[in-house]
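# Fold and contact review
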Amino acid sequence: MIRAVLATLAGSALAVTLLQPTSPAAGDEPLPYQDPTQPTDVRVADLLGRMTLAEKIGQMTQAERVDIDADPSLITENRLGSVLSGGGSVPADNTPEGWADMVDRYQEAALATPLGIPLLYGVDSVHGHSNLLGATVFPHNIGLGATRDPALVEEIAHITAMETRATGPQWAFAPCVCVARDDRWGRTYESFGETPRLVISMETAIDGLQGKPGQLDRPDRVLASAKHFAGDGLTAWDTGEGDYTVDQGISQVSREEFEKLALSPYVPAVKEHHVGSIMPSFSSVDWTEDGLGNPVKMHASEELITGWLKGEQEFEGFVISDWRAIRQIPGTYAEKVEASVNAGVDMFMEPIQAPNNPTGWDEFIPTLTQLVEDGDVSMARIDDAVSRILTAKFELGLFENPMTDRTHLGKVGSKAHHQVARRAAAQSQVLLRNKQGTLPLKAKQDVYVAGSNADNIGNQAGGWTLTWQGGSTNVIPGTTILDGIEKAANGDVVFSEKATKQVPRKSVGVVVVGETPYAEGFGDVGGPQWAYDPGDNGVPRPEQTMELSDADTKAVEKVCARTVSCTVLVVSGRPMVIPPALLRQTDALVASWLPGSEGAGVADVLYGRRPFTGKLPVTWPRTVDQEPINVGDADYDPLYPYGFGLRTR
Ligand code: GLC
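As a convention, each chain's residues are numbered from 1 in the sequence order in which they are written. Reporting in this predicted model follows two pLDDT cut-offs: at least 70 for local features of residues, and 80 or more for side-chain atom pairs to be given and counted; totals over whole chains, interfaces and linings ignore these cut-offs and use all residues. Excluded from the side-chain calculation are hydrogens and water; included are all heavy atoms of the structure.

## Here's the deal with the site of the ligand
Taken together, 13 residues lie around the ligand, and Asp124, Arg187, Lys227, His228 and Asp322 are the ones closest in. At 2.5 Å, a side-chain N or O of aspartate 124 approaches an oxygen atom of the ligand. Between an oxygen atom of the ligand and a side-chain N or O atom of lysine 227, the distance comes to 2.9 Å. Surface accessibility follows the Shrake-Rupley procedure with a 1.4 Å probe radius. Residue values consider only the protein chains on display as shielding. Alone, the ligand offers 310 Å² of accessible surface; in the complex the protein occludes 96% of this. Being near a molecule or strand, for a residue, comes down to having at least one heavy atom within 4 Å of it. Pairs of N or O atoms are called polar contacts if they sit within 3.5 Å, as long as, within protein, a hydrogen donor faces a hydrogen acceptor (for residues adjacent in sequence, only side-chain-to-side-chain pairs).

## Re the pairing of strand E1 (residues 61–64)
Accessible area is worked out with a 1.4 Å probe on protein chains only. A residue is then buried under 20% of its type maximum, exposed over 50%, and partly exposed in between. The helix count covers DSSP runs of H or I at least four residues long, the strand count covers runs of E at least two residues long, and both are numbered beginning at the N terminus. Neither face of E1 is open: one carries Thr61 and Ala63, the other Gln62 and Glu64, and all of them are buried. One requirement defines pairing of two strands: DSSP has to find at least two bridges between them. When E1 meets strand E12 (residues 348–349), the two strands line up parallel, connected through two bridges. For threonine 61, the partnering residue across the bridge sits in E12 and is phenylalanine 348.

## Quick look at the state of the cysteines
The criterion for a disulfide is a pair of cysteine sulfur atoms lying within 2.5 Å. Evaluated as defined, the whole model comprises two disulfides. The residue that forms a disulfide with cysteine 176 is cysteine 178, at a sulfur-sulfur distance of 2.3 Å. Of note, the bridge from cysteine 176 to cysteine 178 carries an S-S torsion of about 135 degrees and is right-handed in sense. Residue classification places cysteine 176 among the buried positions, given a relative accessible area of 3%. Looking at cysteine 178, the relative accessible area reads 1%, which means it is buried. Counting its disulfide-bonded cysteines in sequence order, the chain shows a connectivity of 1-2, 3-4.

## Regarding the side chain of serine 281
Mapped onto the fold, serine 281 is located in the loop between strand E8 (277–280) and strand E9 (284–285). Among the residues examined, serine 281 registers a relative accessible area of 3% and is labelled buried.

## Considerations on unusual backbone geometry
A negative phi angle characterises most non-glycine residues, just as the trans form characterises most peptide bonds. With an omega of 5 degrees, the peptide bond between alanine 174 and proline 175 qualifies as cis. For the bond from alanine 354 to proline 355, the omega torsion is 5 degrees, close enough to zero to count as cis. Mapped onto the secondary structure, proline 355 falls in the loop between E12 and helix H16 (361–373). Despite not being glycine, glutamine 353 has its phi angle at roughly 50 degrees, a positive value. Along the chain, glutamine 353 falls in the loop between E12 and H16. Judged by its relative accessible area of 15%, glutamine 353 is buried. Positive phi values are uncommon outside glycine, yet alanine 499 reaches one of about 60 degrees. Tracing the backbone through its elements, the reader meets alanine 499 in the loop between strand E15 (493–495) and strand E16 (508–514). With relative accessibility at 8%, the residue alanine 499 sits in the buried group.

## Section: the packing of aromatic side chains
Think of it this way: a Phe, Tyr or Trp ring, Trp meaning its six-membered ring, pairs with another when their centres are within 6.5 Å, and the plane angle makes it stacked under 30 degrees, edge-to-face over 60, tilted otherwise. Within the structure shown, the criterion is met by twelve aromatic pairs. An angle of 85 degrees between the planes, with centres 4.9 Å apart, marks the rings of phenylalanine 229 and tyrosine 266 as edge-to-face. Highlighted residues: phenylalanine 229 in strand E5 (residues 225–229) and tyrosine 266 in helix H13 (residues 266–271), separated in sequence by 37 residues. Taking relative accessible area as the criterion, phenylalanine 229 reaches 1% and is therefore assigned buried.

## What about the domain arrangement of the chain?
Domain extents, as shown, originate in an automatic or database domain assignment. Domain annotation of the chain identifies domain 1 (1–14 + 30–50), domain 2 (55–410) and domain 3 (414–527 + 543–626). A C-alpha centroid distance of 58 Å is found between domain 1 and domain 3.

## A word on the environment of valine 430
Inspection of the secondary structure assignment puts valine 430 in strand E13 (residues 430–434). A sequence separation of 186 residues divides valine 430 from leucine 616, and the C-alpha atoms of the two residues are 6.5 Å apart.

## Examining the pairing of strand E3 (residues 120–123)
Side-chain alternation along E3 places Leu120 and Gly122 on one buried face and Tyr121 and Val123 on a second face that is also buried. In this structure, strand E2 (residues 82–85) lies alongside E3, joined through four bridges in parallel fashion. When the sheet's bridge partners are listed, valine 83 is paired in E3 with tyrosine 121. Looking down the strands as they point away from you, a crossover is right-handed if its path from the first strand over the helix to the second goes clockwise. In this fold, the crossover linking E2 to E3 by way of helix H7 (residues 96–111) has right-handed handedness. Note that E3 and strand E4 (residues 171–172) share two bridges and pair parallel. Paired with glycine 122 across the strands is tryptophan 171, a residue of E4.

## Some points on helix H14 (residues 302–312)
Buried within H14 we find Leu304, Ile305, Trp308, Leu309 and Lys310. Buried residues along H14 cover an arc of 160 degrees about the axis, so they all sit on one side. Glutamate 314 sits one or two positions beyond H14 and adopts a positive phi of about 55 degrees. The arc under discussion is defined with respect to the helix axis, by the directions toward the C-beta atoms.

## Examining the sheet that holds E2
Pairing is parallel in the open sheet, where five strands are placed in the order E4-E3-E2-E1-E12. With partners counted over all chains shown, the strands left at the sheet margins are E4 and E12, one partner each. Bridge analysis of E1 against E2 gives three bridges, and the strand direction is parallel. Bridge pairing links alanine 63 to valine 83 in E2. Against the sheet, H7 engages E2 and E3, with an angle of about 140 degrees to E3. In what follows, a contact means two residues having at least one pair of non-hydrogen atoms within 4.5 Å. Helix axes are fitted only over the stretch in contact, all axes being lines through C-alpha atoms; the angle between N-to-C directions runs from 0 to 180 degrees.

## A few points about the side chain of serine 82
Along the chain, serine 82 turns up in strand E2. At 2.7 Å, the side chain of serine 82 forms a polar contact with the backbone oxygen of leucine 120.

## A few points about the pattern of salt bridges
The rule for a salt bridge is simple: a side-chain nitrogen of Lys or Arg has to be within 4 Å of a carboxyl oxygen of Asp or Glu. Throughout the structure, instances matching the rule amount to 28 salt bridges. Where aspartate 104 meets arginine 406, a salt bridge forms, and the shortest distance between an N and an O atom there is 3.0 Å. Note that aspartate 104 is positioned in helix H7 and arginine 406 in the loop between helix H17 (379–395) and helix H18 (415–427), a separation of 302 residues in sequence. On the accessibility criterion, arginine 406 (30% relative accessible area) is partly exposed.

## Some details on the environment of glutamate 77
Relative to the helices and strands, glutamate 77 resides in helix H6 (residues 73–78). In this structure the C-alpha to C-alpha distance between glutamate 77 and alanine 112, which are 35 residues apart in sequence, comes to 9.3 Å.

## Re the packing of helix H3 (residues 40–50) against H17
Interhelical geometry of H3 versus H17 gives an angle of 130 degrees and a closest axis separation of 9 Å. In terms of orientation, H3 lies oblique with respect to H17. Read as a crossing pair, H3 and H17 show a hand that is right-handed. On H17, the residues touching Thr40, Arg43, Val44, Leu47 and Leu48 of H3 are Asp383, Val386, Ser387, Leu390, Thr391 and Phe394. Of the residues contributing to the contact of H3 with H17, the split by class is six nonpolar, three polar and two charged. Any angle that falls under 35 degrees is termed roughly parallel, while one over 145 is termed roughly antiparallel, one within 65 to 115 roughly perpendicular, and all others oblique. In this scheme the crossing of two helices becomes right-handed for a clockwise turn of the near helix relative to the far one and left-handed for an anticlockwise turn of less than a right angle. Amino acids are sorted into nonpolar (Ala, Val, Leu, Ile, Met, Phe, Trp, Tyr, Cys and Pro), charged (Asp, Glu, Lys and Arg) and polar (every other residue, Gly among them).

The structure is reproduced here in structure tokens:
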């Protein structure tokens, strides 16, 4: 009886007074929430009943490490439930030990609260724990989609989970289960491909990260986060000046198409793979026919988050907002918070990240507190959110083992992990053209190597590597494509990025062209100079075109005119336009995507150590004007169709 009474009083001050816990004195029985032999739902209900409103709202609040690193007691004082590393937000000592020490320092501050609720630390381990210098960096998802190998994707995700958990974070904001429909989107490379079927097949990534149900508490597993719910890859966004951009835009499809292309990946993610968290998209949906009606931000869509995801799909994990995304919801800040909490968002990524923003979580906490006190947000909604978050923390074993379990610390960046990265790079290569069996090359041949991406590990790794945007000078442990060629070739190897050196007679040519790194809207083709809704960021960005640079084009022309055979590799986050005249000059053409830290894997298929087996995960257009172009379109006339890929023995 007393439990029933207390359960009904759970959120009230009286209950708190009655139940305000003190940790049991030495030798006393542990409180139910502290007892690992109790079922999780019993532990959650017991703990919830002991929490003040401030403690509950604290659990719904996520700060960025920059906000609290100088003073972790802010975690204690504000009862913060989670901290994240945004892209590139790393400890001064960016080593495995440095990360584990950092997370443990924050954890100690969380455990110093009256209830000792452990902290959840999240990071974008989207192609390995790639903020960490020394982590194994794998091909980005678009290349993994080209492998058509779900088991490999699971293996990569497992290694990623191991290297992430061993260095502190217990939560990866991955995998993106976005279906990229417009390759002008700067996040195309974060997608496994353009069809829901291919994306769904790669959701083994969730299993690799989380393990099977009941394994989340292991030192080689992390909570996963399927993102970005939903339709992030289906958007365009008319900025009003005749411009458009893709990222964070409005889904350009009907409700029926949206269900097929955007919602369908979340059904198996929830029901089959039991993903522990889901992150909404910055984008909006607009079901009015002409698409110019009343777009609703995904972060404010009660219909889709509470109705479809938590209701129809019975999603029991928690919903984490994207980076300050609720601030793009129309209205005052209180209206933004009210709309997103009542839509079903459970935890709020509200970094301050000074000096970028004047406020963040420090504004969120009092705002939500006031909304609850005014009755605009119900305690039932708060309790639902907190219960979901606590359930994840119990299942992660954080109450029993809150500090980093460093069992696998020594395996971070191991030779064995790099061998998997090398195999993945090889399997991700898609052979698009191979005149007279140019490939595989013969080791005895002299080879002339050129192009902007032949010897640049930062470019082959792409965005989300050491820094948010990645960078051409971001050097990580591994091998470039040139390194791989030099190891594989027995003949002379000449490297000249711009093909200025003389081409020795009888050389075969390899020209590695492509993109420099970018992330999110900064990679959008076309559109205004700012990547995001000017109301929130208005950050200028570099021009992207999907076309080869002049230097790369000239390198192809020079090398292909002077060599016995000429192979062009395209290292990029999406298809690039190869003009017909240029294509005719090549003998072989390979889509290399963003192969990550092991360029040697690319050389493995170039020299026949492994066969080419990759297939296009996205349609390869003739021109940018064909975008968006996807398999199944009427009048489908690409340069190379979705699923295409030549094989070699
Ligand atoms: C970013 C991305 C999201 C990422 C989050 C945290 O804006 O949209 O994919 O997980 O912020 O870095």
